[in-house]
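Listed below, chain by chain, are the residues.
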Amino acid sequence: MNNEIKIKGILTPGKVISVTAIMCIVLVIVIVLSLVLGTADVTFKQVIGLITGAVTQDDPVRLIIFKIRLPRIILAGLVGFALSLGGVTFQALLRNPLADPFILGVSSGSAFGAVLAITFGLSFSLGVPVMAFMGGLLTIYLVMSLGARKMGMESSTILLTGVIVNAFFTAIIMFFISTSANDRLHTMLFWLYGDLSQSQYTQLLIIAPFLLLASIIIFSYAKHLNIITTGDEIASQLGVNVDRTKKIGLLIISLIMGLVVAFSGLIGFVGLIVPHLARMAFRSDHRMLIPVASIGGAIFLIAADTLARTIISPSELPVGVITAFLGAPFFLILLRKRGSQWSRS
Amino acid sequence: MEPILKICNIGFRYGDKQVLDDISLDLYPGEIIGILGPNGSGKSTLLRLMDGVLAPQRGELEINGKPYDRLSRKELAREAAMVSQEQHFRFSFSCIEVVMMGRFPHLKAMQFENKNDLTVAMDALRSTHALEFAERSIHDLSGGERQRVLIARALAQEPRVMLLDEPTSFLDLKFKREVFRLVSSLSKEKGLAVVIVSHDIDLVSQYCNRVILLKNGSVYRTGTPEEVITSKNIEDVYECPVLVDQNPLSGRPRVSVR
């Protein structure tokens, strides 16, 4: 039978792959631009020269590019990728386009661990991330066991538990901040607003494989996520194992958030803005949304961090200040423009 | 003919509250059964048990010869499809995307829908007269149009049994009629077995082959509309004085409130 109406909108693996490829090209361009920009003068030619191996060993530019800028850019990319992936996933699982990947309190738990570590003078290469990750794990355990045990995996219960746990840890953090010595205060505040300057290759090697694994697992649940956004009961009727999908999704993303926060501090708004833009461009099918938002998150955070380290050069801002500075007005404009259509994204 | 859905003496409790007690029912292909009863009589629970979203504490359900507890959620979704009363979409999907979700139980985890799935989805939209809004956002449809898309999604599951939970409660007269006519023609054309839970006694009377009247979680009466929809039965179950006469158009019983 001939379909009298031709459908152009059906999603194919080919479409997903080609859009993902385009996003990757943009990502590479942004990385190269970000390598060039900075306090020390580096030219485009030098960067290309380094990549193609035309520049000699002991060139100071080489040091700046490979030891300082590149690891920081890669960290920004990985963190942005993770935050966006987390945003997309949580928004679907909690059926709320405005859910933040930090909403379950993982961030404040990690922050608690980090602030504790800074108070005791532990190092940024090991002590702070480990403590932050432990803090994140503690929160996940609390939220999952308190919020999700008896009542099944109901979204509002999980959300409420997250809010409460968040408030509790924030109180403890404030306690530590108000009683801490002055010299540590700056470090703490900088960390709390998101800091990518401590990046090292070893960290990247820890984050990258976990992130890759997490994104593959989440992507394999993309169709489940689509259906879960239309309601738990309906998803169950359509054959989705809702409880299992929620448990796996919440756990994986919380772990990734704990890991990422441990190395970068609290960088807000990425997990909100980028998925939102992706949804505006590609609607709500998560098979497209997950790769687009994740890579988009990497691009966005690399760009934001480049701004953070160049805008008041030679001094620099916490990257979280930039993302919030861009993010808040962005949302206000959207809110004004879209009004009651907000949730339609 | 073998029944497609067999319900044997099922009972269901929420905590201490006995919601359904000792219900038995055989459902045959091509048949439309209406479930009537006042609020809280267990109508929707019965439907959710038939869909396998809830499991009974006592008794057994069998669909297409297979007991429910041996089927996975996906396998069940290929046998029975549910259309709920109103669904709120928080995320933006086009109608064809929504109907394609009905293909989920037929696809593997990472598998994308192929040409055949698209054909099934388009045919489903065509049978519910919703083909014209295939590419419109589900948000831009009226209640009646959206209900047609949701029925199309249930059809895309290619089920043998279709369950409708008050599908017309938010619709105006025209769309109520449309939904019942649609369901009745689908059941005739495709041999689909249909169960409708509804408060529209007259529409149930007009379109259903069999009626089950529930009271406090038990079957009060079951039979043809003429046998079940009498003023005595309706007054007993709904606790409201009524007059039942004959609908001059369909010849079926018609209920007026006194």
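Residues numbered from 1 in each chain as written. Chains lettered and ligands numbered in written order. Predicted model: local features only at pLDDT ≥ 70, side-chain atom pairs only at ≥ 80, totals over all residues. Heavy atoms only, no water.

## Digging into the overall build of chain B
Inference 1: What chain B contains, in helices and strands, is 9 helices and 12 strands.
Inference 2: The C-alpha atoms of chain B give a radius of gyration of 18 Å, which matches the 18 Å a tight globule of 258 residues would have.
Inference 3: Projecting the C-alpha coordinates of chain B onto the three principal axes gives extents of approximately 55 × 40 × 35 Å.
Inference 4: In chain B, the share of contacts with a sequence separation of at least 24, taken over all contacts with a separation of at least 6, comes to 66%.
Inference 5: As presented, chain B carries roughly 11000 Å² of accessible surface, and 47% of it is formed by carbon and sulfur atoms. (Helix = DSSP H or I, 4+ residues; strand = E, 2+ residues; numbered from the N terminus. Rg over C-alpha atoms; globule rule 2.2 N^0.38 Å. Contact = heavy atoms within 4.5 Å. Areas by Shrake-Rupley, 256 points an atom, 1.4 Å probe, with all protein chains shown as cover.)

## Some words on the interface of chain B and chain A
Inference 1: With 44 residues of chain B in contact, the opposing surface of chain A contributes 43 residues.
Inference 2: For the pair chain B and chain A, the summed buried area comes to about 3900 Å², and 59% of that belongs to carbon and sulfur atoms.
Inference 3: When the area that chain B buries against chain A is broken down by residue, the three leading residues are B:F91, B:F104 and B:F112, summing to 22%.
Inference 4: Where chain B packs against chain A, one counts 3 salt bridges.
Inference 5: Residues B:R48 and A:E233 are paired through a salt bridge, measuring 2.7 Å at the closest nitrogen-oxygen approach.
Inference 6: Counting residues per element, the ones that place at least two in the side of chain B that touches chain A are α1 (43-51), α2 (73-79), α3 (95-100) and α4 (115-127) of chain B.
Inference 7: Take the side of chain B that touches chain A: its biggest share by element is 4 residues, from α4(B). (Buried area = accessible area lost by both parts, 1.4 Å probe. Salt bridge = Lys/Arg side-chain N within 4 Å of Asp/Glu carboxyl O.)

## Remarks on the sheet that holds strand β5 (residues 66-67) of chain B
All names here are of chain B.
Inference 1: Read from one edge to the other, the open sheet built from 4 strands follows the order β2-β1-β4-β5, with strand pairing classed as antiparallel. Both outer strands of the open sheet, β2 (17-27) and β5, are each paired with one neighbouring strand and no more.
Inference 2: Pairing of strand β1 (residues 5-14) with strand β4 (residues 58-63) involves 5 bridges; the strand directions are antiparallel. Counted as the bridge partner of K6 is E62 from β4. (Pairing = 2+ DSSP bridges.)

## Topic: the packing of helix α3 (residues 60-93) of chain A against helix α8 (residues 201-220) of chain A
Residue and element names in this part refer to chain A.
Inference 1: Direction vectors running N to C along α3 and α8 enclose 25°, while the axes themselves pass 10 Å from each other. For the element pair α3 / α8, the angle class is roughly parallel. Between α3 and α8 lies a crossing of left-handed hand. Residues F66, L70, P71, I74, L75, L78, F81, A82, L85 and T89 of α3 form the contact with α8, whose own contacting residues are Y201, Q203, L204, I207, A208, L211, S215 and I218.
Inference 2: Tallied by class, the residues present in the contact of α3 with α8 amount to 15 nonpolar, 3 polar and no charged. (Axes fitted to C-alpha atoms, helices over the stretch in contact; angles between N-to-C directions. Parallel < 35°, antiparallel > 145°, perpendicular 65-115°, else oblique. Left-handed = near helix turned anticlockwise from the far one by under 90°. Nonpolar A, V, L, I, M, F, W, Y, C, P; charged D, E, K, R; others polar.)

## A look at the pattern of salt bridges
Inference 1: In total, this model carries 20 salt bridges over all chains according to the counting rule given.
Inference 2: Note that A:R72 is salt-bridged to A:E316, the shortest N-O span being 3.1 Å. Pair noted here: A:R72 is in helix α3 and A:E316 is in the loop between α13 (286-310) and α14 (319-338), with a separation of 244 residues, a long-range link.
Inference 3: For A:R72, a relative accessible area of 8% gives the class buried.
Inference 4: What makes A:E316 partly exposed here is its relative accessible area of 27%.
Inference 5: Between B:D200 and B:K176 there is a salt bridge; the shortest N-O distance is 3.6 Å. Of this pair, B:D200 sits in the loop between β8 (193-197) and α7 (201-207) while B:K176 is found in helix α6 (residues 173-190), placing the two residues 24 residues apart along the sequence.
Inference 6: The class of B:K176 is buried, set by a relative accessible area of 17%. (Buried < 20%, exposed > 50% of the residue type's maximum accessible area, 1.4 Å probe, protein only.)

## Some remarks on unusual backbone geometry
All names here are of chain B.
Inference 1: A positive phi angle, near 50°, is found at N64, a position not held by glycine.
Inference 2: For N64, the location among the structural elements is in the loop between β4 and β5.
Inference 3: Although it is not a glycine, N216 adopts a positive phi angle of roughly 45°.
Inference 4: Residue placement: N216 occurs in the loop between β9 (210-215) and β10 (218-223).
Inference 5: By relative accessible area, N216 is classed as exposed at 63%.

## What to know about the environment of A:G77
Residue and element names in this part refer to chain A.
Inference 1: Looking at the secondary structure, you find G77 in helix α3.
Inference 2: A residue is classified by how much of its surface remains accessible, and G77, at 9% relative accessible area, is buried.
Inference 3: C-alpha separation for the pair G77 and K67, spaced 10 residues apart in sequence, amounts to 16 Å.
Inference 4: Discounting residues that sit within four places of it in the chain, G77 has contacts with A298 and I302.

## Thoughts on the sheet that holds β8(B)
Residues and elements named next belong to chain B.
Inference 1: The strand order β6-β7-β8-β3-β9-β10 describes an open sheet built from 6 strands, whose pairing is mixed. With one partner strand each, in any of the chains shown, β6 (80-83) and β10 form the two edges of the open sheet. In this sheet, neighbouring strand axes are inclined to one another by 20° on average, regardless of whether the strands run parallel or antiparallel.
Inference 2: Note: strand β3 (residues 32-36) against β9, 4 bridges, orientation parallel. Its bridge partner lying in β9, L36 is registered against L213.
Inference 3: Helix α9 (residues 231-238) contacts β3, β9 and β10 of the sheet and is inclined by roughly 35° relative to β9.

## Considerations on the environment of A:I172
Inference 1: Topologically, A:I172 is positioned in helix α6 (residues 155-179).
Inference 2: Considering only alpha carbons, one finds A:I172 and A:A111, 61 residues apart in sequence, at a separation of 10.0 Å.

## Considering the nonpolar core
Inference 1: Counting 161 residues, the largest nonpolar core has A:W191, A:L301, B:L125 and B:V149 as its most contacted members.
Inference 2: With 16 residues, α3(A) is the largest single contributor of residues to this core.
Inference 3: The residues touching A:W191, leaving out its near neighbours within four places in the chain, are A:S110, A:A111, A:A114, A:I118, A:F124, A:V128, A:A132, A:V261, A:A262, A:S264, A:G265 and A:L266.
Inference 4: B:I4, B:I7, B:L20 and B:A193 belong to the second-largest nonpolar core, a separate cluster that totals 31 residues. (Core = buried A, V, L, I, M, F, W, Y, C linked by side-chain atoms within 4.5 Å.)

That's the geometry; what it means functionally is another story.
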